[in-house]
Amino acid sequence: MKFAVATVLTALLGFTAPLFLPWWCFAVTSLVIAYTIHQKPLWAFVSGFTGLFLVWGVYAWFIDRQNGHILSQKIGPILKLGSSSLLLVIVTGLVAGLVSGMGALTGSFARK
């Protein structure tokens, strides 16, 4: 139950906080959530990773779909990802998930 609550809170705060603050502030929100809802470090990382991977992945896919994949087809070759827009969306989700997971892991270790 803690895992589901932490994942949903991480996703909600990870989506709303960057609307008003710098993009990296979701690492801080993940840290606070992992500190508040104490879990083992592995589960804290997985909940932080899952919450932001899903939110940023879906949000990147939504934005990419709205602009007709124009930006992703130009950025993909620069990052050596080819012209696949789906691969760029997955990489975006992975970066957000890793940053959030590391923030949650830090919060879990800080509680010990």
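Residues numbered from 1 in each chain as written. Predicted model: local features only at pLDDT ≥ 70, side-chain atom pairs only at ≥ 80, totals over all residues. Heavy atoms only, no water.

### What about the overall build of the protein chain?
1) Next: If you tally the helices and strands in the protein chain, you get five helices and zero strands.
2) Next: Listing the helices and strands of the protein chain from first to last along the sequence gives α-α-α-α-α.
3) Next: At 15 Å, the protein chain has a C-alpha radius of gyration in line with the 13 Å of a compact globule built from 112 residues.
4) Next: Looking at the protein chain as a whole, 37% of its 112 residues are labelled buried.
5) Next: In the protein chain, 78% of the contacts between residues at least 6 apart in sequence involve partners at least 24 apart. (Helix = DSSP H or I, 4+ residues; strand = E, 2+ residues; numbered from the N terminus. Rg over C-alpha atoms; globule rule 2.2 N^0.38 Å. Buried < 20%, exposed > 50% of the residue type's maximum accessible area, 1.4 Å probe, protein only. Contact = heavy atoms within 4.5 Å.)

### Let's talk about the packing of aromatic side chains
1) Next: Inspection of the entire model under this criterion finds seven aromatic pairs.
2) Next: Taken together through their ring pairs, the aromatic side chains of W23, F26 and W56 make up a single cluster.
3) Next: It is R111 that lies over the ring of Y35; its NZ or CZ is 6.0 Å from the centre. (Phe/Tyr/Trp six-rings, centres within 6.5 Å; stacked < 30°, edge-to-face > 60°. Lys NZ or Arg CZ within 6 Å of the ring centre and 35° of its normal.)

### Section: a nonpolar patch on the surface
1) Next: A contiguous nonpolar surface patch, about 930 Å² in accessible area, is contributed by F15, L19, F20, L21, V58, Y59, W61, F62 and I63.
2) Next: Elements represented by at least two residues in the nonpolar patch include exactly α1 (2–20) and α3 (41–66).
3) Next: In terms of residues, the nonpolar patch owes the most to one element, α3, which gives five residues.
4) Next: Among the secondary structure elements, W61 is positioned in helix α3. (Patch = residues over 30% accessible without salt bridge, like charges linked within 9 Å, V, L, I, M, F, W, Y side chains within 5 Å. Areas by Shrake-Rupley, 256 points an atom, 1.4 Å probe, with all protein chains shown as cover. Salt bridge = Lys/Arg side-chain N within 4 Å of Asp/Glu carboxyl O.)

### With respect to the packing of α1 against helix α2 (residues 25–36)
Pairs of packed helices are described in terms of their axes, by the angle between the two and the distance that separates them.
1) Next: Put simply, α1 and α2 touch, their axes get as near as 9 Å, and they point 150° apart. As the angle between them shows, α1 and α2 are arranged roughly antiparallel. Seen along the crossing, α1 lies across α2 with a hand that is right-handed. Mapping the contact onto sequence places A6, L9, T10, L13, G14, A17 and P18 in α1 and C25, F26, T29, S30 and I33 in α2.
2) Next: Partitioned by chemical class, the residues of the contact of α1 with α2 number eight nonpolar, four polar and no charged. (Axes fitted to C-alpha atoms, helices over the stretch in contact; angles between N-to-C directions. Parallel < 35°, antiparallel > 145°, perpendicular 65-115°, else oblique. Left-handed = near helix turned anticlockwise from the far one by under 90°. Nonpolar A, V, L, I, M, F, W, Y, C, P; charged D, E, K, R; others polar.)

### Observations concerning the side chain of S85
1) Next: Looking at the secondary structure, you find S85 in helix α5 (residues 85–111).
2) Next: Taking the relative accessible area as the measure of exposure, S85 reaches 16% and is therefore buried.
3) Next: Here S85 is in contact with D64, H69 and S72, once residues within four sequence places are set aside.

### Some thoughts on the UniProt feature "transmembrane region" (unreviewed entry) in the protein chain
1) Next: Under the feature "transmembrane region" (unreviewed entry), the UniProt entry names residues 43–63 and 84–105.
2) Next: A distance of 30 Å separates the end C-alpha atoms of residues 43–63, which is 100% helix and 0% strand.
3) Next: Along residues 84–105 the backbone is 95% helical and 0% strand, and the end-to-end C-alpha distance reaches 32 Å. (UniProt positions renumbered as here; feature names shortened; annotations may be inferred.)

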